[in-house]
Amino acid sequence: MQFDKELDAKNLNCPLPILRCKKGLSEIASGQTLKIMATDPGSVKDFEAFCKQTGHVMTRRDEDDGVYTFYIKKRAE
Amino acid sequence: MAKKLALIASKGSLDWAYPPFILASTAAALDYEVQIFFTFYGLTLLKKDLGDLKVSPLGNPAMPMPIPMPNFVQMLPGIESVATMIMKQKIADKGVASIEELRNACIEAGVKLIACQMTVDLFDFKKSDFITDIEFGGAATFFEFAGESNVNLFI
């Protein structure tokens, strides 16, 4: 899976993964993809809610041994 | 048009410092326009030094304690400091943000922080006690924004 920027939000608790994600998205262009990893189990629902409310698109989500990886494509401006 | 969130932060203990800053920073990340009005003990959360924030088990029977502790023990000198130390350690261990970190996130995201001028006068606070990224105002200032907000919470 291709991505343009990668962020590690592992071992961070609510709301830090979302705040890191927001910051990461501000550093890439529309249409580009941010890969972000988190270990907070609440982040699964939170990232869905974040995308639903902001219009960014989650193109893929993986889970491996308690690590959640989200691929989020930045919305058009 | 962006949604709006208006918060009143009225408490100044370490535990109660979390809800306003968590909600405000998250709402800002969700593209809300956010204002927090800090009044009474909440004003403590705008001080330059947040190191004085404490948590007390006294009068808070729901607070999980490492060992059961009756009220008359909780009132002994030093217990509050120990409880605060334990809480801060837990916060660090669990990857929970510090209040300073969340407050900075709010400031960076453009959350407007308003200090209640009346409380500043009441408690003889000095403007130099506070961080510089704030405004001072009263109840009418709060309602100017709150009246057109989608979400209003008193914390």
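Since we're looking at a predicted model, the values are computed, not measured. (Residues numbered from 1 in each chain as written. Chains lettered and ligands numbered in written order. Predicted model: local features only at pLDDT ≥ 70, side-chain atom pairs only at ≥ 80, totals over all residues. Heavy atoms only, no water.)

Caption draft 1: How the structure looks around the environment of isoleucine 99 of chain B. Structurally, isoleucine 99 of chain B can be placed in helix H4 (residues 99-108). Non-local contacts of isoleucine 99 of chain B, meaning those with residues more than four positions away in its chain, are made with Leu14, Ala17, Tyr18, Phe21, Leu50 and Leu53 of chain B. (Helix = DSSP H or I, 4+ residues; strand = E, 2+ residues; numbered from the N terminus. Contact = heavy atoms within 4.5 Å.)

Caption draft 2: Here's a closer look at the sheet that holds strand E4 (residues 67-73) of chain A. All names here are of chain A. Taken together, the four strands give an open sheet; going across it, the order is E1-E2-E4-E3, and neighbouring strands pair in mixed fashion. Unpaired on one side and paired on the other, strand E1 (5-9) and strand E3 (57-64) mark the two borders of the sheet. The sheet shows a mean angle of 15° between the axes of neighbouring strands, taken without regard to direction. Pairing geometry for E1 and strand E2 (residues 33-38), over five bridges, is parallel. The residue of E2 that forms the bridge with alanine 9 is alanine 38. (Pairing = 2+ DSSP bridges. Axes fitted to C-alpha atoms, helices over the stretch in contact; angles between N-to-C directions.)

Caption draft 3: Just the state of the cysteines, in detail. For the coordinates displayed, the defined rule picks out zero disulfides over all chains. Looking at cysteine 106 of chain B, it has no disulfide partner, and the nearest cysteine sulfur is the one in cysteine 14 of chain A, 13 Å off. In this model cysteine 116 of chain B remains outside any disulfide bridge; the closest cysteine sulfur is found in cysteine 106 of chain B, 19 Å from its own. (Disulfide = S-S within 2.5 Å.)

Caption draft 4: Spatial organisation of the nonpolar core. All names here are of chain B. In this structure, Ile36, Phe38 and Leu46 are the most contacted members of the largest nonpolar core, which totals 56 residues. The element best represented in this core is helix H1 (residues 18-29), accounting for six residues. In contact with isoleucine 36, not counting residues within four places along its chain, are Leu7, Ala9, Pro20, Phe21, Ala24, Val111, Lys112, Leu113 and Ile114. (Core = buried A, V, L, I, M, F, W, Y, C linked by side-chain atoms within 4.5 Å. Buried < 20%, exposed > 50% of the residue type's maximum accessible area, 1.4 Å probe, protein only.)

Caption draft 5: Broad picture of the pairing of strand E4 (residues 134-137) of chain B. Residue and element names in this part refer to chain B. Sheet topology places strand E3 (residues 112-116) next to E4; four bridges connect them, and they run parallel. Bridged to cysteine 116 within E4 is glycine 137. Handedness of the crossover joining E3 and E4 through helix H5 (residues 117-122) is recorded here as right-handed. (Right-handed = clockwise from strand over helix to strand, strands pointing away.)

Caption draft 6: How the structure looks around a nonpolar patch on the surface. On the surface, Phe40, Tyr41, Met118, Leu122 and Phe123 of chain B cluster together into a nonpolar patch covering about 490 Å² of accessible area. Mapped onto the secondary structure, phenylalanine 40 of chain B falls in the loop between strand E2 (33-38) and helix H2 (71-74). (Patch = residues over 30% accessible without salt bridge, like charges linked within 9 Å, V, L, I, M, F, W, Y side chains within 5 Å. Areas by Shrake-Rupley, 256 points an atom, 1.4 Å probe, with all protein chains shown as cover. Salt bridge = Lys/Arg side-chain N within 4 Å of Asp/Glu carboxyl O.)

Caption draft 7: Seen up close, the packing of helix H1 (residues 16-26) of chain A against helix H2 (residues 43-54) of chain A. Residue and element names in this part refer to chain A. Closest axis-to-axis distance for the H1/H2 pair is 10 Å, and the angle between their directions is 40°. Judged by the inter-axis angle, H1 sits oblique to H2. Crossing angle aside, the handedness with which H1 passes H2 is right-handed. Within the contact between the two elements, H1 uses Pro17, Ile18, Cys21, Lys22 and Leu25 and H2 uses Asp46, Phe47 and Phe50. Taken together, the residues of the contact of H1 with H2 sort by class into six nonpolar, no polar and two charged. (Parallel < 35°, antiparallel > 145°, perpendicular 65-115°, else oblique. Left-handed = near helix turned anticlockwise from the far one by under 90°. Nonpolar A, V, L, I, M, F, W, Y, C, P; charged D, E, K, R; others polar.)

Caption draft 8: Representation of the interface of chain B and chain A in the model. In this complex, chain B contributes 16 residues to the contact, which on the side of chain A involves 15 residues. Across the interface of chain B and chain A, roughly 1,100 Å² is buried in total on both sides, 60% from carbon and sulfur atoms. By the criterion of area lost to chain A, the three top residues of chain B are Ala29, Leu30 and Asp31 of chain B, representing 40% of everything that side buries. Linking chain B to chain A there are three salt bridges. When the shortest N-O distance is used, the salt bridge between aspartate 31 of chain B and arginine 75 of chain A registers 2.9 Å. (Buried area = accessible area lost by both parts, 1.4 Å probe.)

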